[in-house]
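Descriptive analysis of the structure
What follows is each chain in one-letter form.
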Amino acid sequence: MKKLFSIAFLLFVTLNANAQDKKAKELLDDVTAKIKSYKNIVIDFKYTLTNTKENINQESKGNVTLEGNKYILNFMGATKLYDGKKTYTVVPEDEEITISSANDNDEKSITPSKMLTFFNSGYKYSMDILQNVKGRKIQYIKLVPTNGKDQRKEVLLGIDIQTKHIYNLIEVGKNGTKTTLTVNSFKTNQPLSKNQFIFVASKYPNYYINKLD
């Protein structure tokens, strides 16, 4: 009888897990479809990094403008622009600009152009907790990297059930480091300049330009 109960319980858990995975997949598909429906997206965000063992607690704010795979990211005093071919990193403090061919295909990194759809490959996923955040229902999905060499233990993706927009993203490292990106403002289909994603060197006459390739 105990053996029969154990088999029945295992079957229930397996079926329930499959159902959860299906729900997670449907929600992720909804998020992807919603993101792709916008011409562009402008996000203001807060970024925190903590590691209790190392006594690290850092917080920064930034913003990013996205259109297709192009982006402009302003974060920690620097500006990073990707025009679809090359990445331009402008650091005013050092008066330096670094230009390189972008490697946006790195599966281990969540780049600005992939930050809203990175979850579509390279992860196993399942439904996690549902939280009420200031009247908003935030459903979390747990994403576990399928690459064993990945230094991240898991990623928790918080999704606003009503809007299907990403509310926050929590990365938990195997070394105990936790990074959290929280969306403070999410605007879509904004009037952008036709030169929005074009790097203009003349704006930085005294800057040192470092071409990596």
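As a starting point, this report considers the structure included with it. Counting from 1, residues in each chain are numbered in the order their sequence is written. With pLDDT at 70 or above as the cut-off, local features in this predicted model cover only qualifying residues; side-chain atom pairs require 80 or more to be listed or tallied, and sums for whole chains, interfaces and linings still use all residues. To get the side-chain values, all heavy atoms of the structure are used, and hydrogens and water are removed first.

Of regular secondary structure, the protein possesses 1 helix and 12 strands. Numbering of helices and strands runs from the N terminus; a helix is a DSSP stretch of H or I covering at least four residues, while a strand is a stretch of E covering at least two. Across the protein, helices and strands are ordered from the amino to the carboxyl terminus as α-β-β-β-β-β-β-β-β-β-β-β-β. Relative accessibility decides the category of a residue: with a 1.4 Å probe and only protein chains considered, values under 20% of the type maximum give buried, values over 50% give exposed, and everything between is partly exposed. With 213 residues in all, the protein has 36% of them scored as buried. Relative to all contacts within the protein whose residues are 6 or more apart in sequence, the contacts with residues 24 or more apart total 48%. Counting every atom, the protein has about 13600 Å² of accessible surface; 51% of that belongs to carbon and sulfur. Only heavy atoms enter the contact rule, under which two residues are in contact if any of them lie within 4.5 Å. Calculation of accessible area relied on Shrake-Rupley with a 1.4 Å probe; when residues are assessed, cover is drawn exclusively from the protein chains displayed.

So, about the environment of Ser 193. Here Ser 193 is to be found in the loop between strand S11 (178–188) and strand S12 (208–211). According to the relative accessible area criterion, Ser 193 is partly exposed, its value standing at 43%.

Attention now moves to the side chain of Asn 168. Positionally, Asn 168 belongs in strand S10 (residues 166–173). Not counting residues within four places of it along the chain, the set of residues in contact with Asn 168 comprises Tyr 140, Leu 156, Leu 157, Gly 158, Thr 180, Leu 181 and Thr 182.

Here the aromatic set is Phe, Tyr and Trp, taking the six-membered ring for Trp, and pairing holds for ring centres within 6.5 Å; pairs whose planes are under 30 degrees apart are stacked, those over 60 apart are edge-to-face, and all others are tilted. As enumerated under the stated definition, the model contains 9 aromatic pairs in all. Here the aromatic rings of Phe 45 and Phe 75 are separated by 5.6 Å at their centres, their planes lie at 45°, and the arrangement is tilted. Here Phe 45 is found in strand S1 (residues 41–51), whereas its partner Phe 75 is found in strand S3 (residues 70–75), with 30 residues between them in sequence. Judged by centre distance (5.6 Å) and plane angle (70°), the rings of Phe 118 and Phe 119 are edge-to-face. Judged on exposure class, the residue Phe 118 and its partner Phe 119 are both buried.

This part covers the pattern of salt bridges. Here, a salt bridge means any side-chain nitrogen of Lys or Arg that lies within 4 Å of a carboxyl oxygen of Asp or Glu. Going through the model one piece at a time under the given rule, you end up with 5 salt bridges. Here Glu 154 and Lys 142 are joined by a salt bridge, their closest N and O atoms 3.8 Å apart. One end of the pair, Glu 154, is in strand S9 (residues 152–160); the other, Lys 142, is in strand S8 (residues 136–145), and 12 residues separate them in sequence. A residue is classified by how much of its surface remains accessible, and Glu 154, at 17% relative accessible area, is buried.

In terms of burial, S9 is largely enclosed, as 8 of its 9 residues are buried. Two strands pair under a simple rule: DSSP has to find at least two bridges between them. Across 6 bridges, the pairing between S8 and S9 is antiparallel. Considered in S9, the bridge of Gln 139 is made with Ile 159. Direction of pairing for S9 relative to S10: antiparallel, over a ladder of 7 bridges. Bridging across to S10, Val 155 finds its partner in Glu 171. Taken together, S9 and the strand that follows it, S10, pair antiparallel across an intervening segment of 5 residues, in which Lys 164 is found at a positive phi of about 65°.

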